[in-house]
Amino acid sequence: MDIIGENLNNVKELMNILEMCNKSTEKCQIHMLLEKIDEMENNYQTLLQELESAEMILNSMQLDSLLQTQAPIKANNIIPIMEATQEAAQVVNNMKEVRIHTEKMYQNLQNIGKDLNAGAKLIVTEYKDIGRIVLNNVCIFLGIEEKMIYLQDDARSNEQVMKMAAEKIERSAEKLLN
């Protein structure tokens with residue numbers, strides 16, 4: 001998808017989270033939305049190509065019409081030439097309006113992609129925050145912090161006991177050597 005391109009990271013992460021949480025329906029809906037955006041973008045690209053092709057044909061017609069007006073003018077061909085020139089001018093105006101409308105539609109499509117990605121980011125952030133809160137609550141419930149403090153204090157006291165034992169061994173070794 002070219003509209004959002006690399007900016008789908010949040011949507012991809014959301015889809016992974018939905019898969020982990022067995023939310024296949026929601027994941028499928030997001031996937032369908034992404035496919036629809038992609039299809040709309042492809043339609044936009046096709047429409048742009050068709051507009052460019054039509055503009056080239058119109059330019060060619062206008063050039064032909066201009067060349068005809070430079071040819072010797074006869075009474076019987078001046079009206080069709082004027083009508084063709086007016087029709088070409090009207091078509092040019094219509095094509096400009098179509099291009100402007102198409103560009104607005106494409107901008108809306110880009111905004112939808114950006115909104116989708118921003119919404120996904122909010123959901124992913126909320127999911128991660130809730131995960132942290134739940135993890136902290138579990139830790140508090142299980143008394144992990146107190147156990148970690150106890151283990152730390154126990155390790156410090158064991159360190160002191162080991163130092164004292166090492167000092168006693170050194171003193172005993174000195175006595176034996178003397």
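Everything below is about the structure printed above this text.
Reading the values: rules and limits
- Within any chain, residue numbers begin from 1 and follow the written order of that chain's sequence.
- With pLDDT at 70 or above as the cut-off, local features in this predicted model cover only qualifying residues; side-chain atom pairs require 80 or more to be listed or tallied, and sums for whole chains, interfaces and linings still use all residues.
- Computation of side-chain values covers all heavy atoms of the structure but excludes hydrogens and water.
- Put simply, DSSP H or I for four residues or longer makes a helix, DSSP E for two residues or longer makes a strand, and each gets a number counted from the N terminus.
- Exposure classes here rest on a 1.4 Å probe applied to the protein chains alone. A residue is buried below 20% of its type maximum, exposed above 50%, and partly exposed in between.
- Contacts: residue pairs with any heavy atoms within 4.5 Å of one another.
- Computed with a 1.4 Å probe, the accessible areas rest on the Shrake-Rupley method; for each residue, only the protein chains presented here act as cover.
- Ring pairs are drawn from Phe, Tyr and Trp, using the six-membered ring of Trp, whenever the two centres fall within 6.5 Å, and their geometry is named by plane angle: stacked under 30 degrees, edge-to-face over 60, tilted for the rest.
- Note on definitions: salt bridges are taken to be side-chain nitrogens of Lys or Arg within 4 Å of carboxyl oxygens of Asp or Glu.
- What we call a nonpolar core is a set of buried Ala, Val, Leu, Ile, Met, Phe, Trp, Tyr and Cys residues that are connected through their side-chain atoms within 4.5 Å.

Chemist: Help me out: how do you make sense of the overall build of the protein chain in this one?
Modeler: Each helix and strand in the protein chain was counted, giving four helices and zero strands. N-terminal to C-terminal, the α/β element order of the protein chain is α-α-α-α. Residues counted as buried form 17% of the 178 residues belonging to the protein chain. Of all intrachain contacts in the protein chain linking residues separated by at least 6 positions in sequence, the fraction that spans at least 24 positions is 79%. In the form shown here, the protein chain has an accessible surface area of approximately 14,000 Å², with 59% of it arising from carbon and sulfur atoms.

Chemist: Sorry if this is basic, but what is going on with the packing of aromatic side chains here?
Modeler: Two measures describe an aromatic ring pair: the distance that separates the ring centres and the angle between the ring planes. Applying the stated criterion to the full structure yields one aromatic pair. For the ring pair tyrosine 44 and tyrosine 106, a centre distance of 4.1 Å and an interplane angle of 20° mean the geometry is stacked. Of this pair, tyrosine 44 sits in helix α2 (residues 24-70) while tyrosine 106 sits in helix α3 (residues 78-142), and the two are 62 residues apart along the sequence. Note on tyrosine 44: relative accessible area 12%, which makes it buried. With relative accessibility at 16%, the residue tyrosine 106 sits in the buried group.

Chemist: Please clarify how the side chain of threonine 102 should be interpreted in this entry.
Modeler: Note that threonine 102 resides in helix α3. Not counting the four nearest positions on each side in its chain, threonine 102 is found in contact with Tyr44, Leu47 and Leu51.

Chemist: Explanation requested: the environment of valine 92 in the structure shown.
Modeler: Mapped onto the elements, valine 92 comes out in helix α3. Owing to a relative accessible area of 22%, valine 92 belongs among the partly exposed residues under this scheme. As a C-alpha pair, valine 92 and asparagine 59 span 33 residues in sequence and 9.1 Å in three-dimensional space.

Chemist: Is there a simple way to explain the pattern of salt bridges in this structure?
Modeler: Pairs can form between side chains of opposite charge whenever their charged atoms are close. A complete count under the given rule lists five salt bridges for this structure. Lysine 128 is paired through a salt bridge with glutamate 13; the nearest N and O atoms lie 2.8 Å apart. Taken together, the positions of lysine 128 in helix α3 and glutamate 13 in helix α1 (residues 9-20) put the pair 115 residues apart, joining distant regions of the chain. Residue class for glutamate 13 comes out partly exposed when judged on its relative accessible area of 28%. When the shortest N-O distance is used, the salt bridge between arginine 132 and aspartate 129 registers 2.6 Å. Of this pair, arginine 132 and aspartate 129 both sit in helix α3, three residues apart, roughly one helical turn. The class of arginine 132 is partly exposed, set by a relative accessible area of 48%. A relative accessible area of 34% places aspartate 129 in the partly exposed class.

Chemist: I tried to follow the nonpolar core on my own but got confused; where do I start?
Modeler: One broad rule of soluble globular proteins: the nonpolar side chains tend to lie buried together. Of all hydrophobic cores here, the largest spans 13 residues; its most connected members are Val11, Leu14, Met15, Ile30, Leu34 and Leu116. Looking at this core, the elements with two or more residues in it are α1, α2 and α3. Of all the elements, α1 adds the most residues to this core, at five residues. Residues contacting methionine 15, with those up to four places away along its chain left out, are Lys27, Ile30, His31 and Leu34.

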